[in-house]
Amino acid sequence: MRILPVNFQTSMEYLCLKTRNSHVMEIISTTFILLGLVLSLRVAECRSGKTLDIEFPALNCRKHSAFLTDFGGVGDGKTSNTKAFASAIANLSRFASDGGATLVVPPGKWLTGSFNLTSHFTLYIHKDAVLLGSEDESEWPRIPVLPSYGRGRDAPGGRLSSLIFGTNLTDVIVTGGNGTLDGQGAYWWEKFRNKKLDVTRPYLIEIMYSNQVQISNLTLVNSPSWNVHPIYCSDVIIQGLTILAPVDSPNTDGINPDSCTNIRIEDCYIVSGDDCIAVKSGWDQYGIKVGMPTQHLVIRRLTCISPDSATIALGSEMSGGIQDVRAEDITAIDTQAGVRIKTAVGRGGYVKDIYVRRMTMKTMKYVFWITGSYGSHPDPGYDPKALPDIHGINFRDMVAENVTYSARLDGIPNDPFKGICISNVTITLTEKPKKLQWNCTDVQGVTSHVTPPACDSLPEKKPMECPFPDDRLPIEDVKLKSCSIASSFTLF
Ligand SMILES: *[C@@H]1O[C@H](CO)[C@@H](O)[C@H](O)[C@H]1NC(C)=O
Ligand SMILES: *[C@@H]1O[C@H](CO)[C@@H](O)[C@H](O)[C@H]1NC(C)=O
Ligand SMILES: *[C@@H]1O[C@H](CO)[C@@H](O)[C@H](O)[C@H]1NC(C)=O
Ligand SMILES: *[C@@H]1O[C@H](CO)[C@@H](O)[C@H](O)[C@H]1NC(C)=O
Ligand SMILES: *[C@@H]1O[C@H](CO)[C@@H](O)[C@H](O)[C@H]1NC(C)=O
Ligand SMILES: *[C@@H]1O[C@H](CO)[C@@H](O)[C@H](O)[C@H]1NC(C)=O
Ligand SMILES: *[C@@H]1O[C@H](CO)[C@@H](O)[C@H](O)[C@H]1NC(C)=O
Ligand SMILES: *[C@H]1O[C@@H](CO)[C@H](O)[C@@H](O)[C@@H]1NC(C)=O
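Residues numbered from 1 in each chain as written. Chains lettered and ligands numbered in written order. Predicted model: local features only at pLDDT ≥ 70, side-chain atom pairs only at ≥ 80, totals over all residues. Heavy atoms only, no water.

As recorded in an unreviewed UniProt entry, the protein chain goes by the name Polygalacturonase, listed as coming from Xanthoceras sorbifolium. The Sequence similarities (unreviewed entry) comment attached to the protein chain in UniProt states, word for word, "Belongs to the glycosyl hydrolase 28 family." (UniProt positions renumbered as here; feature names shortened; annotations may be inferred.)

Caption draft 1: Fine view of the overall build of the protein chain. Each helix and strand counted, the protein chain has six helices and 29 strands in total. Within the protein chain, the fraction of its 492 residues that count as buried is 59%. Sequence-distant contacts, at least 24 apart, represent 78% of the contacts inside the protein chain between residues at least 6 apart. With the model as given, the accessible surface of the protein chain reaches about 19,400 Å², and the carbon-plus-sulfur share is 52%. (Helix = DSSP H or I, 4+ residues; strand = E, 2+ residues; numbered from the N terminus. Buried < 20%, exposed > 50% of the residue type's maximum accessible area, 1.4 Å probe, protein only. Contact = heavy atoms within 4.5 Å. Areas by Shrake-Rupley, 256 points an atom, 1.4 Å probe, with all protein chains shown as cover.)

Caption draft 2: Expanded view of the site of ligand 4. Inspection of the region around ligand 4 gives Glu55, Pro57, Asn217, Gly240 and Asp267 as its neighbouring residues. For ligand 4, an oxygen atom lies 2.4 Å from a polar atom in the side chain of Asn217. Across the complex, the protein chains shield 52% of the 360 Å² of accessible surface that ligand 4 would expose by itself. Residues belonging to the shell around ligand 4 are distributed by class as follows: one nonpolar, two polar and two charged. (Near = heavy atom within 4 Å. Polar contact = N/O pair within 3.5 Å; in protein donor to acceptor, adjacent residues only side chain to side chain. Nonpolar A, V, L, I, M, F, W, Y, C, P; charged D, E, K, R; others polar.)

Caption draft 3: Region of interest: the environment of Gly240. Mapped onto the elements of the fold, Gly240 is located in strand 17 (residues 234–244). Accessibility expressed as a relative area gives 23% for Gly240, which makes it partly exposed. Here Gly240 is in contact with Ser216, Asn217, Leu218, Glu266, Asp267 and Cys268, once residues within four sequence places are set aside.

Caption draft 4: Region of interest: the packing of aromatic side chains. Applying the stated rule across the entire model yields twelve aromatic pairs. Taking the centre distance of 4.7 Å and the plane angle of 10 degrees together, the rings of Tyr203 and Trp226 count as stacked. With Tyr203 in the loop between helix 5 (186–193) and strand 14 (205–208) and Trp226 in the loop between strand 15 (211–221) and strand 16 (228–231), this residue pair connects regions lying 23 residues apart in the sequence. Of the residues examined, Tyr203 reaches a relative accessible area of 4% and is grouped as buried. Ring pairing ties together the aromatic residues Trp140, Tyr187 and Trp188, which thus form one cluster. (Phe/Tyr/Trp six-rings, centres within 6.5 Å; stacked < 30°, edge-to-face > 60°.)

Caption draft 5: Expanded view of the sheet that holds strand 11 (residues 164–167). On the basis of which strands lie adjacent, the open sheet formed by four strands has the order 6-11-14-16 and parallel pairing. Single-partner strands in this sheet number two, and they are strand 6 (115–116) and strand 16. Where strand 6 meets strand 11, two bridges bridge the pair, whose relative direction is parallel. Bridged to Phe115 within strand 11 is Ile164. (Pairing = 2+ DSSP bridges.)

Caption draft 6: Region of the structure containing the nonpolar core. One finds Leu117, Leu123, Phe368 and Trp438 to be the most contacted residues of the largest nonpolar core, which totals 95 residues. Broken down by element, this core gets its largest block of residues, nine residues, from strand 24 (residues 350–371). Every residue in contact with Trp438, bar those within four places of it in the chain, is listed here: Phe368, Ser406, Ala407, Leu409, Ile422, Ile427, Val450, Pro452, Pro453, Ala454, Cys455 and Leu458. By size, the runner-up hydrophobic cluster in this structure holds 14 residues, among which are Ile54, Leu59, Ile173 and Cys483. (Core = buried A, V, L, I, M, F, W, Y, C linked by side-chain atoms within 4.5 Å.)

Caption draft 7: Local environment of unusual backbone geometry. Between Gly315 and the following residue, Ser316, the backbone shows a cis peptide bond with an omega angle of 5 degrees. Take Ser316: it is sitting in the loop between strand 21 (310–314) and strand 22 (322–335). For the bond from Thr451 to Pro452, the omega torsion is -10 degrees, close enough to zero to count as cis. Residue position: Pro452 is located in the loop between strand 28 (443–451) and strand 29 (481–489). A positive phi angle, close to 55 degrees, is found at Asp442, a residue other than glycine. Mapped onto the secondary structure, Asp442 falls in the loop between strand 27 (438–441) and strand 28.

Written as structure tokens, this is what we have:
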């Protein structure tokens, strides 16, 4: 028998969802038998249904809950659920000032275009649920370009809204028991490669101008472009994501915190065609004008596989500034670079107070890579006098094996990158290592206990440990509550 979710009449739905106690169920069932055969059959279905015991950690638990199927959702992988998501969330938004609501996406394959979240709201994607991104472009509204970018990244015009989009929200959660978002990206990658895009590709999750954001316990596969993009947000927790994209797919960055404050990213596993994490803050003159940095960012327990990109990139769009980034317990395998700074003349802004410790790397092209000549401008209107200020970059306690180049560190002539500190790093090279292991220009700093020994511009100073802050950021102390939804959901 095929497994299909059932649509219940609202009152029946209520009984099925809220009635877990079988004794209560007996009474209700008996009552309905008196009322008539049809109803009693429905209750019988209800009773034979599976119980979904949903328990999950969240910033806030909600008083109300509903299933996508209450709003006409069909999980057959073919029917569009764009309208079902929109009406569900519009309906549940009425609970924003009454304890909030959770929308549960039950087991099934739910084809959908873009939809918008609301405040004091949780979207819960069951472990056996898959959201499939629609290939029908009319299901993806065009939205204005980001003010700090001035244009779309794929095309100068507008951009398509993300699969899951939210703007100007407070207290919004997207989570699940490791449920899946499948962007069906192949359609978009093909268009990108054939230069057929006149609009910027959608992302899987984008949250703008919001605070108290949680994105957790999901598997994201085959995003059309970036996967997770919080921008102009504060107090963001991103946790337990598995992000998978073919390593040759274009621009499938994992997580891109962009002009955000107070962010905690932890326990994520990312295989992608671009940077696993790319910290950003706007592009050239547009980013300088908006002037919103990404700051107070913690990244920990990340595993990254990205043969053509970085484990953690800072930039290249960093014109609003990036400061106070703390990364620890990071693993990279078969990846092009560890923590990479990417910037250019015209960016302005700064990258400062960056702290990284306890990285384990295997099969890397570069352990350290800093690029001051990244280029890539939104348009010719950038200010050639806008030089980035890069200083206070601290790396320590790292082991890397099977490495092609230990470091390539390129500052900008007349704008040296200063205060680079590297300590306790052991690098083992590939079988046929390159001769020049540390290639440094326009950089200044120190090293201690680093093998192979660094370049002359990073002289050995010992004994010394590069700093890593002792204090904790407020976002590190935010505790998640244990939330549960007591419900049974009928499948037949
Ligand atoms: C989501 O909200 C944005 C901004 O308000 C809007 O432009 C877009 O059309 C909305 N998307 C949908 C699917 O309604
Ligand atoms: C969202 O917030 C931004 C920044 O505060 C503001 O400029 C914009 O008008 C707001 N948009 C909506 C739809 O409220
Ligand atoms: C989540 O699902 C992905 C893909 O199936 C799997 O690789 C990963 O181990 C799962 N994570 C957890 C925590 O179960
Ligand atoms: C969610 O992910 C976190 C971090 O990986 C994990 O500790 C927690 O058990 C997961 N919770 C659920 C409900 O899957
Ligand atoms: C070492 O790195 C090279 C690429 O430089 C790769 O081809 C090879 O498989 C790696 N060896 C091991 C043992 O991982
Ligand atoms: C050096 O780094 C390694 C690898 O992270 C670590 O195990 C070791 O404790 C560090 N040594 C010192 C003196 O901090
Ligand atoms: C060293 O880096 C410079 C750029 O700063 C580059 O032009 C040069 O080719 C590199 N040298 C080697 C041997 O890789
Ligand atoms: C959600 O909104 C309330 C209040 O307007 C209605 O009474 C419900 O019928 C509606 N629920 C659905 C499933 O549409």
